[in-house]
Structures are given as C-alpha cells and as structure tokens.
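Spelled out from the first residue to the last, the chains are:
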Amino acid sequence: MNIAVVGLSHKTAPVQIREKLSIPEPQTESAIAHLSSYPHIDEVAILSTCNRLEIYIVTTETEQGIREVTQFLSEHSKLPAHSLRQNLFMLLHHDAVMHIMRVAAGLDSLVLGEGQILAQVKHTHKLGQQYNGIKTILNRLFKQAITAGKRVRTETSIGTGAVSISSAAVELSQIKVANLAACRVAIIGAGKMSRLLVQHLISKGAGQISIINRSQDRAQQLAKLYPDQSIYTHPLSEMLRVIADSDLVFTSTSATEPILDRSKLELVLDPTRSLMLFDISVPRNVHGDVNQLINVQAFNVDDLKAVVAQNHESRRKMAQEAEKLLDEEVEAFDVWWRSLETVSTISCLRSKIETIREQELEKALSRLGSEFGEKHQEIIEALTRGIVNKILHEPMVQLRSQQDVEARRDCMRTLQLLFNLDAGEQFN
C-alpha cells in the first residue's frame with residue numbers, strides 16, 4: 001500500500017486551468033464513486049477549493065493508481081492528458097503526508113496562514129467518509145492533518161492579520177482606489193467568502209455595501225450581522241442595475257460559468273465612470289473580456305499574488321516555527337503507519353487463540369452436562385473471553401508501539417515461530 005496525491009494549485013496552474021478541474025460539492029459523490037471504481041485505487045479523498053484541486057489516494061500499485069487519477073482528471077476537465085500533466089504535481093507517501101499537513105496548516109495557501117483551508121480539509125474528510133472513499137488509512141491521515149492545522153493556529157501567530165483570499169482582495173482594492181470609504185461597494189454572493197468580504201471591508205472603512213444574492217433570506221441574514229452598517233440587499237434580478245451604480249464589485253458565487261461578461265455590462269455601464277471587479281471565485285464569475293470595456297478593470301484570484309507577497313515576509317519566521325510542529329505530526333503518522341505491518345500477525349495470533357478458547361470451552365461445557373444452565377454458560381463464556389483479552393492486551397500494545405522497525409519485525413518473527421502462525425506477511 002502507498003499514499004499518493006495528484007493535483008494542481010495556484011503554484012502550478014493558472015486560474016484558466018484550475019477552473020476546468022474544479023469539482024463542485026454536488027459532483028463530489030459521483031467523482032469519488034468514479035475514482036473508487038478503478039482497480040488500483042483503494043481509498044480516495046477530493047480536496048477542491050478556489051486555489052487547488054488535490055486527489056489523495058491509497059493504492060496497491062502506485063504507478064497505476066496515479067495513471068488512473070490522471071485519466072479521471074483528463075476526462076473531467078476535457079483536457080488531453082499530455083497538456084494536463086504539465087500543470088499537475090504528484091507526491092508519494094512521505095511527501096504526500098507532509099503536503100496535506102502543510103495544506104491544513106495554511107502553509108501551502110496563496111495567503112500564508114490562511115484559516116479557511118482547515119475548515120475545507122475537515123469538510124473533505126467528512127465528504128470522503130460520507131461517500132465511502134475514505135477508509136482506515138486516509139481517515140487516520142486526515143485526522144492527523146486536522147490536528148496539525150489546529151496546533152499551528154494555536155501554538156504560532158501565523159493566523160493573525162490578513163489571512164484569507166477575501167482579506168487579500170480587500171487589500172488589493174485599497175491599493176487600487178484612493179479612498180475605499182467613499183466607494184459604493186457591491187458583493188455578489190452571500191456565502192462564507194462574502195461574509196469575510198463584508199467583515200474586512202467594514203474594518204477598512206467601507207461605508208455603503210450592497211449584497212446581491214439569489215436567496216434574499218441568506219443575504220438579509222448576512223446584513224443583520226452588522227446592524228450598525230449601511231448594508232443593502234438585492235435579488236439577483238437587480239444585479240446589473242446595482243453594478244451600474246457601484247464603484248467596486250466583488251464576486252464570490254458557486255456558479256460554474258461566468259455570470260458577468262462584456263455583453264451584459266456594456267448594456268448598463270456609463271463609459272465615463274470607472275468600475276473595478278474583484279473576482280475571487282473558481283470557476284471565475286467574471287469573464288476576461290470585460291477588460292475590453294472602457295474604464296473597467298477586472299482582477300481574479302491570480303492577481304492577488306502581489307498583495308500576498310507583501311504579507312509573506314513577515315510570516316516567514318512564523319512558518320518556520322510551524323514546520324517544526326508539522327514534523328512532529330508527520331512522525332506521529334509514520335509511527336502509526338509502520339505499526340500497520342503488525343496487523344496480520346496480531347489478527348492471526350488472536351484468531352488462533354480464539355479457536356483454542358472455543359474448543360476448550362466446548363469440551364468443558366459438554367462435561368458439565370445439559371443441566372448446566374444457560375446463564376452459567378454465558379458467565380463462563382465471558383470469563384474465558386476476558387482471560388484471553390487480558391493476556392493478549394499488553395503484548396499487542398508493546399508490539400504496536402515498538403518504533404524500531406527491525407526490533408518490531410524480530411518480535412513478529414518470534415511470535416510467528418512460537419505460535420506456528422501463518423500471518424501471510426514476509427519482511428525484508
């Protein structure tokens with residue numbers, strides 16, 4: 001068995017490619033089922049965010065498993081495999097384990113120390129379990145990664161300040177306009193990213209904010225979080241009118257196709273007024289052709305890198321502290337992983353002793369005769385099971401916790417020899 005991850009991120013692929021490989025949550029179940037149907041993939045989890053798509057697998061044949069994931073990605077994105085590969089990264093076992101730890105800790109994010117990614121890793125774990133993609137190994141890996149992410153956020157200061165895509169977008173808008181407080185701002189969408197946008201815009205002095213959303217109830221719930229602010233809500237049918245009256249527009253929806261393009265905007269915009277659009281969605285909500293309009297500028301998630309670079313240096317030392325914590329979590333996972341080779345020997349030993357227990361119990365009960373009550377039989381059954389469990393418990397704990405590989409394997413060979421076990425495992 002081996003762990004591998006195949007994926008792409010803001011580091012390896014532009015947004016034009018990332019949006020083609022994005023897997024929206026409603027498609028997660030079918031994607032996991034498709035990947036699980038391949039012969040060399042035993043476990044699978046899909047992490048899909050605005051800045052990355054990563055597929056984690058447990059595979060019996062690493063090369064074949066990676067080839068099957070690449071085939072799936074090619075079919076899903078409708079990109080030929082040879083052009084897709086240049087945007088992909090592939091990591092095996094130790095590197096894959098360290099990678100998910102770094103991702104959960106926010107050390108691989110566009111915004112170093114980003115907090116939202118940990119919640120996304122947790123959600124990936126939940127969906128993987130719900131749709132039967134995650135089993136023993138990935139379950140342990142994701143739990144360890146979530147623990148690592150929590151430790152980094154509680155034991156270092158890397159999560160302070162502007163640490164999300166939303167906050168970086170607001171900072172970029174501050175760079176691009178002279179006075180954010182004087183701007184009329186519109187936000188399309190009312191999800192988590194939009195909630196963060198509102199929070200950061202208010203903290204930077206934005207005075208008038210309009211929220212446009214398909215569900216008016218959700219938009220109004222968001223507005224109610226800030227009762228002292230001038231926040232207005234509008235249905236999607238009023239989107240173009242509100243945009244036409246705005247100076248800055250932020251988009252953050254789950255739409256799989258652009259909701260704004262040149263043909264829509266040129267019908268409503270006054271060419272003498274300037275408009276800036278900040279699209280933090282993947283797939284993109286704003287088509288690139290809007291930049292062809294006079295006095296219109298559109299920015300997407302890839303344009304946030306300049307803002308991120310300003311914050312990166314101050315976080316670099318904190319990231320070094322975090323890496324030390326991650327080394328500890330990776331080692332903890334590796335200790336568990338190495339203990340897996342004891343499973344067949346332990347199972348074989350327990351099975352053999354259980355067979356002996358059942359045989360001897362049957363002999364004893366037959367000698368006691370039919371008058372021996374059922375209640376008494378249950379007591380003796382429980383007694384013999386308890387004795388077996390007590391005898392096996394300490395040796396099994398010691399065997400699993402033995403960190404020295406050769407010492408552990410020597411112990412297993414000794415058990416196999418003493419108890420004449422056929423555990424089906426051979427050690428190099």
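The structure displayed is predicted, hence computed values, not measured ones.

Visitor: Explain the overall build of the chain to me, using residue names and the numbers behind them.
Guide: Counting secondary structure elements, the chain contains 16 helices and 10 strands. Over its C-alpha trace the chain gives a radius of gyration of 28 Å, far above what one expects of a compact globule, namely 22 Å for 428 residues. With the C-alpha coordinates of the chain rotated into their principal frame, the extents come out at 100 × 50 × 40 Å. Taken over 428 residues, the chain has a buried fraction of 50%. By sequence separation, contacts in the chain at least 24 residues apart represent 71% of the contacts at least 6 residues apart. Summing over all exposed atoms, the chain offers an accessible surface of approximately 21,000 Å²; the carbon and sulfur share of this is 50%. Averaged over its 47 positive side-chain charges, the chain has a centre that lies 4 Å from the centre of its 51 negative ones.

Visitor: Lay out the UniProt feature "binding site: NADP(+)" (unreviewed entry) in the chain in plain terms, naming residues and giving numbers.
Guide: The UniProt record marks Gly189, Ala190, Gly191, Lys192, Met193 and Ser194 with the feature "binding site: NADP(+)" (unreviewed entry), using the residue numbering of this structure. Checked against the lining of the largest cavity, the annotated residues reduce to Met193. In this fold, Gly189 is placed in the loop between strand E5 (184–188) and helix H9 (192–203).

Visitor: Go over the sheet that holds strand E8 (residues 248–251), please, and point to the residues and values.
Guide: Pairing is parallel in the open sheet, where six strands are placed in the order E7-E6-E5-E8-E9-E10. Strands at the two margins of the open sheet, each flanked by one partner only, are strand E7 (230–235) and strand E10 (296–299). Neighbour-to-neighbour, the strand axes of the sheet open up by a mean angle of 20°, direction not taken into account. Strand contacts of helix H10 (residues 216–224): strand E6 (208–213) and E7, with the helix running at about 175° to E7, the strand carrying the most contacts.

Visitor: Account for the packing of aromatic side chains, with residues named and values stated.
Guide: For any two aromatic rings, the description comes down to two numbers: the centre-to-centre distance and the angle of the planes. Counted under the stated rule, the structure contains five aromatic pairs. Aromatic side chains Tyr56 and Phe142 sit 5.6 Å apart centroid to centroid with 80° between the ring planes, which places their arrangement in the edge-to-face category. Within this pair, whereas Tyr56 is found in strand E3 (residues 52–59), its partner Phe142 is found in helix H7 (residues 136–155), the two being separated by 86 residues in sequence. There is no split in this pair, since Tyr56 and Phe142 are both buried.

Visitor: Summarise empty space enclosed by the protein; cite the residues concerned and give the values.
Guide: Applying the stated rule across the entire model yields three cavities of 30 Å³ or more. For the largest cavity, the calculated volume is near 80 Å³. Around the largest cavity sit Thr49, Cys50, Asn51, Arg52, Ser109, Leu110, Glu114, Gln116, Ile117, Gln120 and Met193, which together line it. If you tally residues by element for the lining of the largest cavity, the top one is helix H6 (residues 116–130), at three residues. Taken as a whole, the second largest cavity encloses approximately 50 Å³ of empty space.

Visitor: Lay out the sheet that holds strand E2 (residues 41–48) with the relevant residues and their values.
Guide: The sheet built from four strands is open, its strands ordered E2-E3-E1-E4 with antiparallel pairing. Bordering the open sheet on either side are E2 and strand E4 (89–92), each of which pairs with just one other strand. For this sheet, the mean angle separating the axes of adjacent strands, direction not counted, is 15°. As paired strands, strand E1 (residues 2–9) and E3 are joined by eight bridges and run antiparallel to one another. The residue bridging Leu8 from the neighbouring strand is Leu53, located in E3. Contacts between helix H2 (residues 28–36) and the sheet are confined to E2 and E3, with E2 contributing the most and set at about 150° to the helix. Running at roughly 145° to E3, helix H3 (residues 62–77) makes contact with E1, E2, E3 and E4 of the sheet.

Each value, and the rule that gives it
- Counting starts from 1 at the beginning of each chain's written sequence and moves along it residue by residue.
- Only residues with pLDDT of 70 or above have their local features reported here, since the model is predicted, and side-chain atom pairs are shown and tallied only from 80 upward, although totals for entire chains, interfaces and linings are computed over all residues.
- Side-chain metrics in this entry use all non-hydrogen atoms of the structure; hydrogen atoms and water are not considered.
- Each helix is a run of DSSP H or I of at least 4 residues and each strand a run of E of at least 2, with the numbering of both proceeding from the N terminus.
- Note that the radius of gyration is over C-alpha atoms, with the globule rule given as 2.2 Å times the number of residues to the power 0.38.
- Accessibility here uses a 1.4 Å probe with only protein chains present; expressed as a share of the type maximum, an area under 20% marks a residue as buried, one over 50% as exposed, and anything in between as partly exposed.
- Throughout, a residue-residue contact means that at least one pair of heavy atoms, one from each residue, lies within 4.5 Å.
- Exposure was quantified through the Shrake-Rupley algorithm and a 1.4 Å probe, taking into account, for residues, occlusion by the shown protein chains and nothing else.
- Note that His is not counted, nor are the chain ends; the positive residues are Lys and Arg, and the negative ones are Asp and Glu.
- Charge placement uses NZ in Lys and CZ in Arg. For Asp and Glu, CG and CD serve respectively.
- UniProt positions are given in the numbering used here, feature names are shortened, and annotations may be inferred rather than shown by experiment.
- The rule is simple: put a 1 Å grid over the protein atoms alone, call a set of points where a 1.4 Å probe fits but cannot get out a cavity, call an open set with protein on both sides within 12 Å along at least five of seven lines a pocket, and count a residue as lining if it has an atom within 4 Å of a point.
- Being paired, for any two strands, means DSSP has found at least two bridges between them.
- Fitted lines through C-alpha atoms serve as axes, helices being fitted only where they are in contact, and the angles separating the N-to-C directions of these axes extend from 0 to 180 degrees.
- Within 6.5 Å between ring centres, the rings of Phe, Tyr and Trp (the latter by its six-membered ring) count as paired, and their orientation is classed by plane angle as stacked under 30 degrees, edge-to-face over 60, tilted in between.
- Grid points are joined across faces, edges and corners, and a volume is the space filled by probe spheres set on the points.

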